Amino acid sequence: MSALGELQRMRKGSRGTLGVAREPKKDNKAAFAFLLPWFAGLLFITAGPIAASFVLGFTDYNLIQPPVFNGLDNWMRMLGDARLHKALGVTLVYVLVSVPLQLACALALALLLDKGLRGLAFYRSAFYLPSLLGSSVAIAVLWRQIFGADGLFNQVLSMAGIEGKGWISDPDSALSTLIVLNVWTFGAPMVIFLAGLRQIPAMYYEAAATDGAGKWTQFRRITIPLLSPIVFFNLVLQVIHAFQSFTQAFVVSGGSGGPSDSTLFYTLYLYQRGFGNFDMGYASALAWLLLVIIAAFTAINFWAAKFWVVYDD
Amino acid sequence: MRRIALAAAAALMLTACGSGGGSAGQELSKEPVTLRFTWWGADERHKRTQQVIDLFQKKHPNITVKGEFKDWNGYWESLATTVAANDAPDVIQMDELYLASYAERGALLDLGTATKHLKTADFDKSALDTGIVKGKQYAIPVGLSTYAIVANTDLLDQFKIKLPDDGTWSWDDFKKAGAEVSKAGGGKVTGVQSFGFDAGSLNIWARQNGAALFDVAGKVAVPENVLASYWTFIKDLAKSGVSPAPSVTIERAGGPLDQSGTATNASVFATWWNTQLTSLSAASGSKLKLLRLPGESQASSPAAYYKPSMFWSISSRSKHPAEAAVFVDFLANSEEAANILLTDRGVPANTKIRAAITPKLGETDKAAVEFLDTIKVGTAPRVTPNGASNLEAIIKRHTEEVLFDRLTPEQAAKSFIKELQTEIDGA
């Protein structure tokens, strides 16, 4: 959980005491050696395209012919782009609904598993598995089958005498199926919650119990405050992650974001403009707008953290 | 995200150093050459095309052809991606919707430079002309096809419903026949598989109403009221149970041919290109019949038209344009290849080939050729303008909006024209 520690220190603004800097020098080298592959990847694979896309954001570029500089045209165009606004709405709903639900599920399961069930290792893996698979094409294809008109979900419903519908092909329910898919991948935050729960000293609970605090009070007064840095960490991470969701919507809607744009995620629209409409200049500008939006949400998260995250060290 | 950005940057670097493309007039290499060949289609087409590739490789031992095939959905995004990454397949199966978009941007080889290896003498001039963009031959038409209704006569027999007379039927008759089937089908089978997801149906609708989707200059020319009547009819079919519930329709429209209402024997009448009859028959296992379009006898002139079902084109950045031209020549002119492909890609536009294969056709292929030969057609619509390649996605989205009551047909018509014209203006 060193990342967590890092986050806590950053919050406190004590940058000068970052872990690595205080270590003896030779350890430094080893750290850099281990980081080297990642740095190389960043430099040669990621940094170039990021810089290029920034430049392309100010051009009219159709993928085949050389880009032509067009100033702020792409950015002005965003103001009047109805489908962009639709995509923003869909993505916001997705992030604002699925992330809290996902974290709530993760926390609930983590509390349950923390009780020390028999076969804990098995359950932990079983619940973690979906988050490894969640953004894969295979699961998205599976989702399409499950929530199709003749899918598993409707078969279960029909056993209960309820008549289903094509959940993915109905614009009123298509986004919900994707939200469920994201909630289902609660394993990653759950594992982090579990680790966090283990760090809360048992003596706090013992003391509280001695003073006559019930389970609920213990949860509210001890677990939540002491776990809040971890909740914050998960929140920041999952919000960023959710904004960038692409595969699920792409596969489930066959790349269209349909029906009637109800699953038009931001990244999917960006992809459509870039590769479907030969509009890579605009798509690049859209990518940078997404970066700004994610940065803004992260900043808001950090600001709001002042009011609810407790650091006790 | 990262991958998108990566592709963008790669494209940027590559466009800077390598544009233009070779000439296809050069000598053939003696060294081993590998060509990549991409097409869309269903299983049947993949099997036949692979056989043709094997045959070609036997005749040209130093040329290896690697097939890359996909479903129509996804084919174009994938092609755009590979073109942008300077990794385009050498030989590309091209569609009328995308021809101008790729040709006008310089992604395709001018086949006029390939005449040494690629002959076109056996093609009708009018057919060849469909592959010309801005005066240059960028594509060779593979086959011709025409829009039709496919009817499942096995199901009609089972329900004891008479096959409608397609020489005189109107869209009202079409709807009535569909309603009869839906009633007899008891929820399992509906009369009509909804249309509204392709350019064919909209073109026909516009033309029967004396309009056209695009004018000669490439502007959107279809009037609002014609569009509104198109969507009103589609909505009406769904509301009255003649076509399935919207969510079922959308699900099927998004899937491959094998999952369509026709292929799964879930709908009796559906709009298709006549040449899809063989694939559909194979998938459904039922007896299917081609019917002329409703409304044709009421229209002042035939709205039906011959559409080049698809084209062969070569990437302008192919490293082996001469070998690619040899391969396209084989696809376009070889009787042996035609004997395998038959009419899967349309009734051959090469007249010599068409005559040669007709006796060898199976029942459904023969029916498709006969249908094409006997139908009355008008002049073909203008090639889809540069920028309007996403026409079908826009049609589909508006059909969804109408089916789910999010837009009225009139609102959809307005929005459709505005969006499509914006795309064309932006290209």
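All chains use their own residue numbering, which begins from 1 and follows the written sequence. As they are written, the chains are lettered A onward and the ligands numbered 1 onward, keeping that order. Selection of residues for local features in this predicted model requires a pLDDT of at least 70, selection of side-chain atom pairs for listing and counting requires 80 or more, and totals for whole chains, interfaces and linings are taken over all residues.

Colleague: How would you summarise the overall build of chain B if you had to cite specific residues and measurements?
Modeller: Check the secondary structure of chain B and you find 17 helices and 12 strands. The C-alpha radius of gyration computed for chain B amounts to 22 Å, which stays within 12% of the reference 22 Å derived for 427 residues, consistent with globular compactness. The principal-axis extent of the C-alpha atoms belonging to chain B is close to 65 × 50 × 40 Å. Exposure is read from a count of other C-beta atoms within 10 Å of each residue's own; the residue is exposed at 12 or fewer, buried at 20 or more and partly exposed in between. C-beta atoms are placed from the backbone. Taking all 427 residues of chain B together, the buried fraction comes to 53%. A helix here means a DSSP run of H or I that spans at least four residues, while a strand means a run of E at least two residues long, and both kinds are numbered starting from the N terminus. Put simply, the radius of gyration uses C-alpha atoms, and a globule should come to 2.2 Å times the residue count raised to 0.38.

Colleague: Tell me about the interface of chain B and chain A, and please be specific about residues and values.
Modeller: Opposite the 37 residues of chain B that make contact, chain A presents 41 residues. Among the elements of the structure, α1 (2–17), α3 (72–84), α10 (246–254) and α16 (391–403) of chain B are those that each provide at least two residues to the side of chain B that touches chain A. Here the side of chain B that touches chain A gets 10 residues from one element, more than from any other, and that element is α1 of chain B. Taken together, the residues of the side of chain B that touches chain A sort by class into 18 nonpolar, nine polar and 10 charged. Residues are scored as being in contact if the C-beta atoms we place from backbone atoms lie within 7 Å. For this classification, the nonpolar set comprises Ala, Val, Leu, Ile, Met, Phe, Trp, Tyr, Cys and Pro, the charged set comprises Asp, Glu, Lys and Arg, and every other residue, Gly included, is treated as polar.

Colleague: Describe in detail the domain arrangement of chain B, supporting the description with residues and values.
Modeller: Residues and elements named next belong to chain B. As annotated, the domain borders come from an automatic or database domain assignment. Segmentation of chain B into domains returns domain 1 (18–143 + 307–374) and domain 2 (147–304 + 390–426). Taking the mean C-alpha position of each, domain 1 and domain 2 sit 29 Å from one another. Contacts between the two partners involve 16 residues from domain 1 and, on the opposite side, 16 residues from domain 2. Among the elements that take part in the side of domain 1 that touches domain 2, helix α15 (residues 363–374) stands out by supplying six residues, more than any other. Each residue belonging to the side of domain 1 that touches domain 2 can be placed in one class, and the counts come to seven nonpolar, five polar and four charged.

Colleague: I'd like a description of the environment of T217 of chain A, backed by residues and values.
Modeller: As for its placement among the helices and strands, T217 of chain A is situated in helix α12 (residues 215–243). Along the primary structure T217 of chain A and L133 of chain A are separated by 84 residues, whereas in three dimensions their C-alpha atoms are 36 Å apart.

Colleague: Outline the nonpolar core, listing residues and values.
Modeller: Defined on buried residues, the nonpolar core groups Ala, Val, Leu, Ile, Met, Phe, Trp, Tyr and Cys residues joined through C-beta atoms within 7 Å. Formed by 184 residues in total, the largest nonpolar core has its most connected members in V91, L99, A148, V150, W312, F327 and V328 of chain B. In terms of residue count, the dominant contributor to this core is helix α5 (residues 82–114) of chain A (11 residues). Of the residues that make up this core, three or more belong to each of domain 1 (18–143 + 307–374) and domain 2 (147–304 + 390–426) of chain B. The contacts of V91 of chain B, once residues within four sequence positions are left out, are L35, F37, W312, I314, A324, F327 and V328 of chain B.

Colleague: Got a sec to walk through unusual backbone geometry? Specific residues and values, please.
Modeller: Of note, the phi angle at F278 of chain A is positive, near 50°, even though the residue is not glycine. If you trace the backbone, F278 of chain A turns up in the loop between α14 (266–276) and α15 (280–308). The exposure class assigned to F278 of chain A is buried, which follows from the 28 C-beta atoms found within 10 Å. Although it is not a glycine, K134 of chain B adopts a positive phi angle of roughly 50°. With respect to the helices and strands, the residue K134 of chain B is situated in the loop between β4 (132–133) and β5 (136–137). Take K134 of chain B: there are 9 C-beta atoms within 10 Å of it, and that puts it in the exposed class.

Colleague: For the pairing of strand β3 (residues 91–94) of chain B, give the residues involved together with the corresponding values.
Modeller: Residues and elements named next belong to chain B. Judged by which residues are buried, β3 turns out to be covered on both faces: V91 and Q93 on one side and I92 and M94 on the other are all buried. The sheet contact formed by strand β1 (residues 33–40) and β3 spans two bridges and is parallel. What sits directly across from T38, in β3, is I92. Following DSSP output, two strands are said to pair if at least two bridges run between them. Across four bridges, the pairing between β3 and strand β11 (residues 307–314) is antiparallel. From the neighbouring strand, Q93 faces β11, where its bridge partner is W312.

Colleague: Would you mind going over the sheet that holds strand β10 (residues 288–291) of chain B in detail, with residue names and values included?
Modeller: All names here are of chain B. Here we have four strands laid out as an open sheet, ordered β8-β9-β7-β10, and mixed in their pairing. Every other strand in the sheet has two partners, leaving β8 (190–192) and β10 as the edge strands with one partner each. Direction aside, neighbouring strands of the sheet carry axes that sit 30° apart on average. In the sheet, strand β7 (residues 147–152) pairs with β10 via four bridges, with the strands oriented antiparallel. Bridge assignment links I149 to a residue of β10, and that residue is L291. Packing against the sheet, helix α7 (residues 171–185) makes contact with β8 and β9 (267–273), and its axis sits at approximately 165° to β8. This element, helix α11 (residues 277–284), spans β7, β9 and β10 of the sheet and lies at about 150° to β10. Fitting a line to C-alpha atoms yields each axis, with helices limited to the stretch in contact; the angle taken between N-to-C directions then spans 0 to 180 degrees.

Colleague: Describe α7 of chain B, and please don't skip the residues or the numbers.
Modeller: Residues and elements named next belong to chain B. In a helix, the anticipated span is given by 1.5 Å times the number of residues less one. Between the first and last C-alpha of α7 there are 21 Å, a value that for 15 residues agrees with the 21 Å anticipated at 1.5 Å per step. Looking at the buried positions of α7, the neighbouring elements they touch are β8, α9 (224–239) and β9. Immediately downstream of α7, the backbone of G186 shows phi near 60°, a positive value.

Colleague: Residues and numbers for the packing of α5 of chain A against α12 of chain A, please.
Modeller: Packed helix pairs are specified by the crossing angle of their axes together with the interaxial distance, meaning the distance between the axes. Residue and element names in this part refer to chain A. Packing of α5 against α12 leaves a shortest axis separation of 9 Å and a crossing angle of 145°. In the crossing of α5 with α12, the sense of the turn from one axis to the other is right-handed. In this structure, α5 uses T91, Y94, V95, S98, V99, Q102 and L103 to contact α12, whose residues at the interface are V231, N234, L235, Q238, V239, A242 and F243. Of the residues contributing to the contact of α5 with α12, the split by class is nine nonpolar, five polar and no charged. We call a crossing left-handed when the near helix sits turned anticlockwise from the far one by less than a right angle, and right-handed when that turn is clockwise.

Colleague: Got a sec to walk through the sheet that holds β1 of chain B? Specific residues and values, please.
Modeller: Residue and element names in this part refer to chain B. The strand order β2-β1-β3-β11-β6-β12 describes an open sheet built from six strands, whose pairing is mixed. Single-partner strands in this sheet number two, and they are β2 (63–70) and β12 (347–348). Relative to β12, strand β6 (residues 140–145) is paired through two bridges, and the arrangement is antiparallel. Bridge pairing links G143 to P348 in β12.

Colleague: Quick one: what's the story with the environment of A356 of chain B, residue by residue and with numbers?
Modeller: When you line up the elements, A356 of chain B lands in helix α14 (residues 351–357). If we ignore the near neighbours within four places in the chain, the residues touching A356 of chain B are E335 and A338 of chain B.

Colleague: Kindly report on helix α11 (residues 202–210) of chain A, identifying the contributing residues and their values.
Modeller: Counting buried residues along α11 of chain A, only zero of its nine residues qualify, which leaves the element largely exposed. Immediately downstream of α11 of chain A, the backbone of G212 of chain A shows phi near 90°, a positive value.

Colleague: I'd like a rundown of the confidence of the model for chain A, residues and numbers included.
Modeller: Residue and element names in this part refer to chain A. Confidence of the predictor in every single residue is expressed as pLDDT, which spans 0 to 100. Scored by pLDDT, chain A comes out at a mean of 85, with 91% of its residues at no less than 70. Mean pLDDT values over the elements of chain A span from 46, in helix α2 (residues 19–22), up to 94, in α15. Counting contacts from residues 1–21, a segment whose pLDDT is below 50, to residues more than four positions away or on other chains yields 18 contacts.

Colleague: Requested: an account of the environment of S415 of chain B, with residues and values cited.
Modeller: Residues and elements named next belong to chain B. Mapped onto the elements of the fold, S415 is located in helix α17 (residues 409–426). Here the alpha-carbon distance between S415 and H398, two residues 17 residues apart in the chain, equals 8.2 Å. Beyond its immediate sequence surroundings of up to four residues, S415 is in contact with H398 and L407.

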